Amino acid sequence: MRRLGYPAAAAVFAIGMAGTTLPTPLYGLYREELGFSELYGLYREELGFSELMVTVVFAVYALGVIATLLLAGNISDETGRRPVLLAALGFSAASALCFLFEGGLPALFAGRLLSGFAAGLLSGAATVTVMELAPPGREARAGLAATAANMGGLGCGPLLAGLLAEYAPRPLTLPFVAHLALIAVAAVLTWLLPETVTSPVQRFRLHRQGLAVPPQVRGVFAPSALAAFAGFSLLGLFTAVAPAFVAETLDVHNLALAGLVVFSVFLASTAGQALMGRVGERRALPGGCFVLVVGLVLVAASLLLASLPLLVAGALCGGLGQGLAFRGAVTAISGAAPAEHRAATVSAFFVIAYLGISLPVVGVGALTLWLGLRNAGLTFAGCVLALALGVGLYLARRPPART
């Protein structure tokens, strides 16, 4: 199993991450089922499953990821990779069961929180496992495999759910049954993977790790983290409310197509991260910000003109810029941080990135109550565009040092 270890570990990574975005094209169906307020027993969308509630349910996932990063970001270094991967798959299975039994809004919140716990554990443990199982001379391939598994898994979740919901029976059941079957396969693969931690401890106590950014890194950290915040805001927008844009603003009601739109932004992000080696570290971060700006312009144009091709173009361009800037930011920060503070600095970076995937999207949901979906999307695009453009111009003048 060691010879094929890192592809198998990448497959486990992808299956686990797919579960975190599986509900994306299904939120409209949940809105139809939960339109009657569970609190008051009468139909009032502002108290039931409004677009704001969709974004809040989505954002709970980010809270789970951040809590896991802060409390257990280094757990696999102490207990071993395999137990942490199995625990992450267990959280993912529990999340699928919450959605499968359709227990109303509390079950959706619980499912998203458990999904966040799974993603928080996988982000560190699965990435390191893929890298450690790479044979000598294939470290670069393993790094690309980890990137593809992470973003590819996130993109495959909506695609799988959209296809099954559109073309198979029981749209709110079959996607999660299929994912549970995939989790079972991933659990078997994980059990067969070799353990790479030589002396794991038997017991691990959770403790708050906090956020630490050494003074010598702050000049690189601040613009890099802001670039990641802007890029993850775009990912959050597509993951949380893009299907609603497709259905309500563009009047396209095919769930498979909505899943494909979300898949495209993550596919482009994977391509952007893979391109960083050719672009170079110094140009990847500012260049990615400028490509992200173009993507946001296209997204705004798609809302103004009600054009699905423009929305897809915006997803591809924005995802490409996000991936390019993101990998450039991670490279710059990890290279600038002292070895003894590198893990803590990167963890702080990821916390800010995941705040970007949640807070702006909740703002969009709140704005829909007053401005409507189209105007809320335009407001979001304008704000994130200004942030990405400002960071890109700053980095163009002061590019990060080569690491």
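Residues numbered from 1 in each chain as written. Predicted model: local features only at pLDDT ≥ 70, side-chain atom pairs only at ≥ 80, totals over all residues. Heavy atoms only, no water.

**Observations concerning the confidence of the model for the protein chain**
Thought 1: Averaged over the protein chain, the pLDDT score is 84; the fraction of residues at 70 or greater is 87%.
Thought 2: Within the protein chain, helix α4 (residues 75-79) has the poorest average pLDDT of any element, 74, and helix α8 (residues 174-192) the best, 95.
Thought 3: In the predicted structure, residues 35-48 sits below a pLDDT of 50 and forms 15 contacts with residues beyond four places in sequence or in another chain. (pLDDT = per-residue confidence, 0-100. Helix = DSSP H or I, 4+ residues; strand = E, 2+ residues; numbered from the N terminus. Contact = heavy atoms within 4.5 Å.)

**Focus: the packing of helix α1 (residues 5-21) against α8**
Thought 1: At a minimum axis distance of 9 Å, the contact between α1 and α8 shows a crossing angle of 150 degrees. As far as their axial angle goes, α8 and α1 are roughly antiparallel. Of the two possible hands of crossing, α1 and α8 adopt the one that is left-handed. Contacts between α1 and α8 involve A8, A11, V12, I15, A18 and G19 from the first element and H179, L182, I183, A186, L189 and T190 from the second.
Thought 2: For the contact of α1 with α8, the residue count by class is nine nonpolar, three polar and no charged. (Axes fitted to C-alpha atoms, helices over the stretch in contact; angles between N-to-C directions. Parallel < 35°, antiparallel > 145°, perpendicular 65-115°, else oblique. Left-handed = near helix turned anticlockwise from the far one by under 90°. Nonpolar A, V, L, I, M, F, W, Y, C, P; charged D, E, K, R; others polar.)

**Quick word on helix α15 (residues 359-397)**
Thought 1: With 39 residues, α15 extends just 29 Å between its outermost C-alpha atoms, more than 12% less than the 57 Å of an ideal straight helix rising 1.5 Å per residue.
Thought 2: The axis of α15 is deflected most strongly, by about 125 degrees, at L371. (Expected span 1.5 Å × (residues − 1). Bend = angle between axes of the 7 residues up to and from the residue.)

**A few points about a nonpolar patch on the surface**
Thought 1: Where nonpolar side chains cluster on the molecular surface, the patch consists of V188, W191 and L192 and spans about 360 Å² of accessible area.
Thought 2: Mapped onto the fold, V188 is located in helix α8. (Patch = residues over 30% accessible without salt bridge, like charges linked within 9 Å, V, L, I, M, F, W, Y side chains within 5 Å. Areas by Shrake-Rupley, 256 points an atom, 1.4 Å probe, with all protein chains shown as cover. Salt bridge = Lys/Arg side-chain N within 4 Å of Asp/Glu carboxyl O.)

**Focus on the side chain of H179**
Thought 1: With respect to the helices and strands, H179 occurs in helix α8.
Thought 2: Residue H179 is classed as buried on the basis of its relative accessible area of 1%.
Thought 3: Ignoring sequence-local partners within four residues, the contact set of H179 consists of I15, A18, G19, L22 and S92. (Buried < 20%, exposed > 50% of the residue type's maximum accessible area, 1.4 Å probe, protein only.)

**Topic: α8**
Thought 1: An ideal rise of 1.5 Å per residue puts 27 Å on 19 residues; α8 measures up with 28 Å between its terminal C-alpha atoms.
Thought 2: Those residues of α8 lying buried are P175, F176, H179, I183, A186 and T190. Down the axis of α8, the buried side of the element spans an arc of 75 degrees, and every buried residue falls inside it. (Arc of directions from axis to C-beta.)

**Quick word on the side chain of T239**
Thought 1: Mapped onto the fold, T239 is located in helix α9 (residues 218-240).
Thought 2: Owing to a relative accessible area of 2%, T239 belongs among the buried residues under this scheme.
Thought 3: In this structure the side chain of T239 is engaged in a polar contact, spanning 2.6 Å, whose partner is the backbone oxygen of L235.
Thought 4: Excluding residues within four positions of it along the chain, T239 makes contact with T21, T24, Y27, F58, V262 and F266. (Polar contact = N/O pair within 3.5 Å; in protein donor to acceptor, adjacent residues only side chain to side chain.)

**Observations concerning the packing of aromatic side chains**
Thought 1: Enumeration over the complete set of coordinates arrives at nine aromatic pairs.
Thought 2: Taken together, the ring pairs in this structure connect Y61, F232, F326, F349, F350 and Y354 into an aromatic cluster. (Phe/Tyr/Trp six-rings, centres within 6.5 Å; stacked < 30°, edge-to-face > 60°.)

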